[in-house]
Amino acid sequence: MFAEVVFPLPFRNTFTYSVPSEIEDLAKVGVRVVAPFGKRVLTGFIVKISKKTIVQERIKLLSDILDEKPIYSHDDLKFYEWLAEYYVCSLGEALRLGVPYGLEIESKRKILIDRTLCKKLAANEKNNNSLKAKILNILSDRDEMNFSYLQKMVGKKNIYSVMKNLEMAEAVTLLDELEDAKIKIKTANFVKLAKPLSEIYISLPELEQRSPKQLKILLGIISDKKKEISLSALLKKADASRASIDSLQAKGLVSVYEKEVDRKYSELYNEELIEFTLTDRQLLAIAEIKKEITQKSFKPFLLHGITGSGKTQVYIELIKEVLSRKKTALILVPEISLTPQITSRLLNNFGDDVSVMHSRMSMGERYDSWRRILKGKSKVVIGARSALFAPLKNIGIIIVDEEHDQSYKQTDMAPKYNARDSAVVLARFNNCPVVLGSATPSFESMNNAETGKYKLLELPDRIDNAKLPKILLVNVSIERKNKKMENVFSKILLDKIQDRLNKKEGVIILQNRRGFSTQIFCEDCNEIEICPNCSVPMVYHISKNYIQCHYCGFIRDVPNACTHCGSLNIKYYGTGTERVEDELEFYFPGSVIKRVDSDSIGRKSSLSKTLLEFSNGNIDILVGTQMVSKGLDFSRVTLVGVISAETSLWMPDFRADERTFQLLTQVSGRAGRSNIEGEVIIQTQNEKTFTLQKVLQNDYMGFYKKEIEMRLLKGYPPFTRICLVETKDLDENKAKGAINDFYQELLPYKKWLNISLPTTALIAKLKGQFRFNILIKSPRDSDPGGAILRKAILNSFIEFNRKSRFRDVKLIYDIDPQSII
C-alpha cells in the first residue's frame with residue numbers, strides 16, 4: 001500500500017510513502033502521519049491511497065499514523081484544495097489550519113557545543129565578518145543550541161556546509177531529536193465506591209469510631225450525584241491525606257482510577273435568558289433563510305441591520321431551526337471582545353451543545369474543544385476566524401457576524417485567507433445557507449447583493465422602539481481657539497460625561513490607539529524615536545514606564561534625552577488609550593474607569609470580568625480601542641465619545657474612508673439601546689468631511705454610492721481583484737533585487753493585468769527586514785475567478801526561482817489584501 005502525503009511546507013507536490021503492513025488498517029485519506037522528510041521527521045496528511053505507484057526511486061516508509069479515524073473527509077479536502085489554489089499556497093499549509101497548534105510531531109536538530117574549541121577557531125578566523133566567524137562567535141557563549149535558533153541568529157538558512165565542517169573539526173555535535181506533541185489528553189485520578197451502598201453503610205459505624213477522616217471521605221463520595229469525584233477535590237473537601245484513601249482502597253470500600261478530564265473553556269460574563277418578541281422584519285428575514293435550510297441548498301444572504309436591530313436574535317432562531325433538523329451551526333465573530341456576550345446568549349439557549357474556539361483559550365482548552373467537535377459532541381461552534389476550520393460535520397448554516405471586519409483576514413502566515421469569503425465557499429460545499437451580518441456591510445458584500453450574488457435582507461429599525469442616538473461633531477480646532485478644550489477633551493464632551501455620571505448611566509470612550517503618547521519628538525533636531533527594527537515610531541506606555549514598538553514588540557527604557565542629539569528638549573505627542581484613561585481619572589476622580597485594549601486584557605477572563613462589571617454598573621466609563629466599537633450590547637450606555645475621528649481617516653489606504661465610516665457608525669451604535677435616548681460626541685479636525693457627514697446622517701447607502709463610484713474610477717475592489725506581492729530580507733539590496741527580478745517575470749502578463757512598478761513598502765522596515773511591494777490588479781470582468789492572476793503569480797515564481805540570484809529572498813503573496821500598508 002502506498003500513501004501520497006502533503007506537509008505544511010511551501011511545496012505544492014505530494015510525496016509518496018510505503019505503508020508498513022502493521023498500520024495498513026489505519027491508513028486512510030484524511031489522517032495525520034509521521035514520516036521522514038529529508039533529514040527531518042515531520043507530521044503530514046494522507047491525501048491519496050493506492051496499491052501501485054509510478055515512483056521509481058527508493059520509497060521511504062511511514063513512521064506512524066496519528067489518527068484512528070480521518071480528520072478530513074473527501075468533501076473536506078475539496079474545500080482545502082480550493083483554499084490552497086485561491087490563496088496560492090500548498091495543500092499541506094491549508095490542511096494545517098484544521099488542526100490545533102501543538103499537535104505536530106517533528107524532529108528538531110540540536111547542536112552540542114565545545115565552547116573552548118569554538119573560541120579558539122573564532123580567534124584564528126581572518127575575516128570577522130564571514131559566516132563562519134559569526135557562527136563561531138555565537139556558539140562560543142553556549143553549551144547547546146537549537147539549529148533553527150542559530151539560523152535565526154545569523155539571519156541565514158543555508159548554514160549546513162559550515163556546520164558540517166565544524167562537526168568534522170569536533171567543535172560541535174549535531175543531534176536529531178524527535179519532539180512529541182506539545183499538547184496531550186489530560187487525565188486525573190478519580191475515586192468511586194467499590195461496593196454497593198448497602199454494604200458501605202454497614203462499615204460506617206466502625207469507621208466513625210476508628211477513623212473519622214475515612215468516614216468523611218466516604219460521605220463525600222456518597223453525597224456526590226455521580227458517586228464519583230476527583231481525588232484532589234475529595235481530599236480538599238474532606239481535609240484528608242492520600243493515606244486515608246489508600247486505607248479505604250485496601251479495605252475494598254473505594255477504588256481509584258484514571259479518567260480523562262475535559263478542559264472546557266468558560267466565560268465569567270453571563271446574562272439572564274430573555275424571551276424576545278420578534279419584529280416583523282426579523283420574522284421576514286428568518287422565513288427567507290429558513291426556506292434554504294429546509295431545501296438544504298446553498299444561498300448567501302447579506303443581513304444589513306442597523307445597530308441594535310436584533311441580528312443576534314435572528315441568528316439564534318436560525319440555529320434553533322438547524323438543530324431541530326439534526327444539523328450543526330458555525331458562527332464566526334471577528335474579535336475576541338465579541339465572544340463573551342454572544343457566547344453567553346448561545347449557552348443560555350443551547351447549553352452544552354456549544355463549543356468555543358479562539359486564541360485566548362489555552363492550548364489544552366482548544367485541543368479538547370476541537371476533539372469534542374470532531375467526535376460530534378458539539379453542535380454549535382462559535383469563534384474567531386480560525387473556528388472556520390473546526391471539524392464540524394453536517395453543517396446546516398454558517399453565520400458571519402460583523403462581516404465587514406478586517407480581522408477576518410489572516411495576515412501573519414500562509415495561507416492569507418479571508419474567513420468571510422472562505423465561509424461562503426465552505427457553505428457552497430456543504431449545500432447550506434450562509435448569513436453575513438453587519439450594520440455597515442463591506443463594499444464587496446453590498447456589491448454582491450446589488451449584482452444578485454447575495455440576497456439582501458434588511459433590518460432598518462431598532463428593537464423595543466429604541467431610537468438611534470443623536471450624533472454631534474465637535475471641531476477641536478475651533479474649540480481650541482475658543483479656549484474650550486481641556487487637553488484631549490472638548491468641554492462639551494466633559495460636560496456630557498459628567499451629566500451621565502450624575503444619572504448613573506454608562507459611558508464608552510473610543511480612541512483607536514494604544515499606549516499613552518504615540519510618538520516622542522525632539523524639538524532641537526526634529527527627530528522622532530524610531531524602533532531600531534521597524535520604520536515606525538516607538539509608543540510611550542505610562543503604566544509600565546517604557547517605550548514599545550507595536551509591530552515587533554521591541555521595548556526600551558523611556559529616554560531622558562534625545563537619542564539622536566542628546567537634547568533634553570523632547571516632547572510627547574499623540575494620544576493613546578492610557579492618556580485618555582489618565583485624564584479621565586483627573587477630571588472625574590470619584591468615578592470607576594476601566595481600559596479595554598490588547599494591553600489590558602492579557603489575562604484570561606479579564607475581558608469577561610470587565611464587561612460583567614460594566615454591565616452591572618460597577619464601572620462608570622469604559623475606555624478602549626476598536627474592541628469597544630463592535631457588538632457590545634449594554635442598555636445602560638447612553639453616551640459614546642470619540643476622541644479623534646481622524647485616527648483611521650488619514651491612513652494612506654484606499655479603504656481608509658470605508659474603515660472610518662464603519663468604526664464610527666459601529667461605536668455610535670453602542671449608545672441608546674433602551675428607552676433612554678443615546679448621544680454620541682465625535683471630536684474631529686474637520687466636521688465637513690464627506691465621511692463624517694454621512695456618519696452624522698446615518699446614511700450608509702449614500703456613503704456607499706459615492707465611494708463605489710471612486711472605486712470603479714480608480715480600479716479597486718470590488719471591481720478588481722488585487723494581490724500584494726512582497727519581498728523582505730535583512731539585506732535591503734537583496735530584497736530590492738528580488739522584487740525587481742520578480743517584476744520582470746510578471747511583465748509578459750501586462751496584457752491582462754495592471755502591474756505596478758516595484759516600490760518601497762509604506763512601512764519600509766518591519767521586524768528588522770526591509771520590504772518592497774508590487775500591487776497587481778486583475779479586472780473582474782475579464783478575470784472573474786482570478787485564474788489569470790494566480791497563473792501569472794505561479795509561473796512568474798517558477799521563472800524567478802530558475803533565473804534570479806535572489807531566489808533565497810522570501811516572497812509573499814497576499815490575495816485580496818485588506819490593507820496595502
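Helices and strands together make up the secondary structure of the protein, namely 26 helices and 36 strands. Since a compact globule built from 821 residues should have a radius of gyration of about 28 Å, the 30 Å found for the protein is in line with a globular shape. Within the protein, the proportion of its 821 residues that are buried is 53%. Considering only contacts in the protein between residues 6 or more positions apart, those separated by 24 or more positions represent 75%. Here the protein has roughly 38,700 Å² of accessible surface; of this, 50% comes from carbon and sulfur atoms. Each charge class in the protein was averaged separately, 124 positive and 103 negative side chains, and the resulting centres sit 2 Å apart.

Attention now goes to the side chain of E444. Looking at the secondary structure, you find E444 in helix α16 (residues 443–450). Of the polar contacts made by the side chain of E444, one reaches the side chain of R655; its length is 2.6 Å. In contact with E444, other than residues within four places in its own chain, are R420, R655, P717 and P718.

Moving on to the pattern of salt bridges. Scanning all chains against the criterion turns up 45 salt bridges. Ionic pairing is found between K694 and D699, a salt bridge with its closest N-O pair at 3.0 Å. Taking the relative accessible area as the measure of exposure, K694 reaches 15% and is therefore buried. In the salt-bridge network here, residues are joined through shared partners; they are K496, D499, R500, K503, E505 and E679.

Note on terminology: disulfide describes a covalent bond linking the sulfur atoms of two cysteines. Counted under the stated rule, the structure contains 0 disulfides. C549 takes part in no disulfide bond, and the closest cysteine sulfur, belonging to C531, lies 3.7 Å away. Given the relative accessible area of 1%, C549 is considered buried.

Right, let's talk about the sheet that holds strand β29 (residues 621–624) for a bit. Strand order in this open sheet of 6 strands is β19-β31-β30-β22-β29-β28, and the pairing throughout is parallel. At either end of the open sheet lies a strand with only one pairing partner, and these are β19 (470–475) and β28 (593–596). The mean angle between the axes of side-by-side strands here comes to 15 degrees, regardless of whether they run parallel or antiparallel. In this structure, β28 lies alongside β29, joined through 4 bridges in parallel fashion. Bridging from a neighbouring strand, R595 pairs with V623 of β29. Sheet strands in contact with helix α19 (residues 577–587) are β22 (506–510), β28 and β29, and its direction is about 175 degrees off that of β28.

Read from one edge to the other, the open sheet built from 7 strands follows the order β14-β15-β13-β16-β17-β12-β18, with strand pairing classed as parallel. The open sheet is flanked by β14 (354–357) and β18 (455–459), the only strands paired with a single partner. Mean inter-strand twist for the sheet, computed between neighbouring axes without regard to direction, equals 20 degrees. Relative to strand β15 (residues 380–383), strand β13 (residues 328–332) runs parallel, the two being bridged by 4 bridges. In the sheet register, A329 faces β15, and the bridge partner there is V380. In this fold helix α11 (residues 280–295) packs onto β12 (299–305), β16 (395–401), β17 (433–438) and β18, with an angle of close to 155 degrees to the strand it touches most, β18.

Counting 110 residues, the largest nonpolar core has L83, I398 and I776 as its most contacted members. Among the elements that line this core, the one with the most residues is helix α1 (residues 74–86), at 7 residues. Within the second largest apolar cluster, 30 residues are counted, among which are I331, F350, V380 and I399.

Each pair of aromatic rings is reported with the distance of its centres and the angle of its planes. Counted by the stated rule, this structure contains 37 aromatic pairs. Seen in terms of ring centroids, F7 and F37 are 4.9 Å apart; in terms of plane orientation they differ by 55 degrees. Their pairing is tilted. Of the two residues, F7 sits in the loop between β1 (2–6) and β2 (15–18) while F37 sits in strand β3 (residues 32–37), which places them 30 residues apart along the sequence. Where Y86 meets Y87, the ring centres are 4.8 Å apart and the plane angle is 80 degrees; that geometry is what we call edge-to-face. The same class applies to Y86 as to Y87, namely buried. Each residue in the set F45, Y72, F79, Y80, W82, Y86, Y87, F389, Y417 and F429 is aromatic and connected to the rest through ring pairs, giving one cluster. Across the ring face of F614, the terminal group of R636 is positioned such that the distance to the ring centre comes to 5.1 Å. Cation over ring: K706 sits above F690, and NZ or CZ is 4.6 Å from the ring centre.

On to the confidence of the model for the protein. Mean pLDDT over the protein stands at 91; residues scoring 70 or higher make up 99%. Looking over the protein, one finds the lowest element-wise mean pLDDT in helix α21 (residues 646–649), namely 80, and the highest in β17, namely 98.

Going from A414 to P415, the amide bond is cis rather than trans, its omega being -5 degrees. Considering the arrangement of structural elements, one finds P415 in the loop between β16 and α15 (419–430). Between P717 and P718 the backbone carries a cis peptide bond, its omega angle lying at 15 degrees. Mapping P718 onto the fold places it in the loop between α24 (700–714) and β32 (720–729). One non-glycine residue, K483, lies in the positive phi region at around 55 degrees.

By the secondary structure assignment, T610 is in helix α20 (residues 606–615). When the C-alpha positions of T610 and R115 are compared, they lie 52 Å apart, and in sequence the two are 495 residues distant.

Turning our attention to the packing of helix α12 (residues 311–324) against helix α13 (residues 339–350). With their axes 11 Å apart at the nearest point, α12 and α13 run at an angle of 35 degrees to one another. In terms of crossing hand, the pair formed by α12 and α13 is right-handed. Contacts between α12 and α13 involve T312, I316, I319, K320 and L323 from the former and I342, R345, L346, N349 and F350 from the latter. Among the residues making up the contact of α12 with α13, the classes are represented as 6 nonpolar, 2 polar and 2 charged.

So, how was this worked out
- Residues numbered from 1 in each chain as written.
- Predicted model: local features only at pLDDT ≥ 70, side-chain atom pairs only at ≥ 80, totals over all residues.
- Heavy atoms only, no water.
- Helix = DSSP H or I, 4+ residues; strand = E, 2+ residues; numbered from the N terminus.
- Rg over C-alpha atoms; globule rule 2.2 N^0.38 Å.
- Buried < 20%, exposed > 50% of the residue type's maximum accessible area, 1.4 Å probe, protein only.
- Contact = heavy atoms within 4.5 Å.
- Areas by Shrake-Rupley, 256 points an atom, 1.4 Å probe, with all protein chains shown as cover.
- Lys, Arg positive; Asp, Glu negative; His and termini not counted.
- Charge placed at Lys NZ, Arg CZ, Asp CG, Glu CD.
- Polar contact = N/O pair within 3.5 Å; in protein donor to acceptor, adjacent residues only side chain to side chain.
- Salt bridge = Lys/Arg side-chain N within 4 Å of Asp/Glu carboxyl O.
- Disulfide = S-S within 2.5 Å.
- Pairing = 2+ DSSP bridges.
- Axes fitted to C-alpha atoms, helices over the stretch in contact; angles between N-to-C directions.
- Core = buried A, V, L, I, M, F, W, Y, C linked by side-chain atoms within 4.5 Å.
- Phe/Tyr/Trp six-rings, centres within 6.5 Å; stacked < 30°, edge-to-face > 60°.
- Lys NZ or Arg CZ within 6 Å of the ring centre and 35° of its normal.
- pLDDT = per-residue confidence, 0-100.
- Left-handed = near helix turned anticlockwise from the far one by under 90°.
- Nonpolar A, V, L, I, M, F, W, Y, C, P; charged D, E, K, R; others polar.

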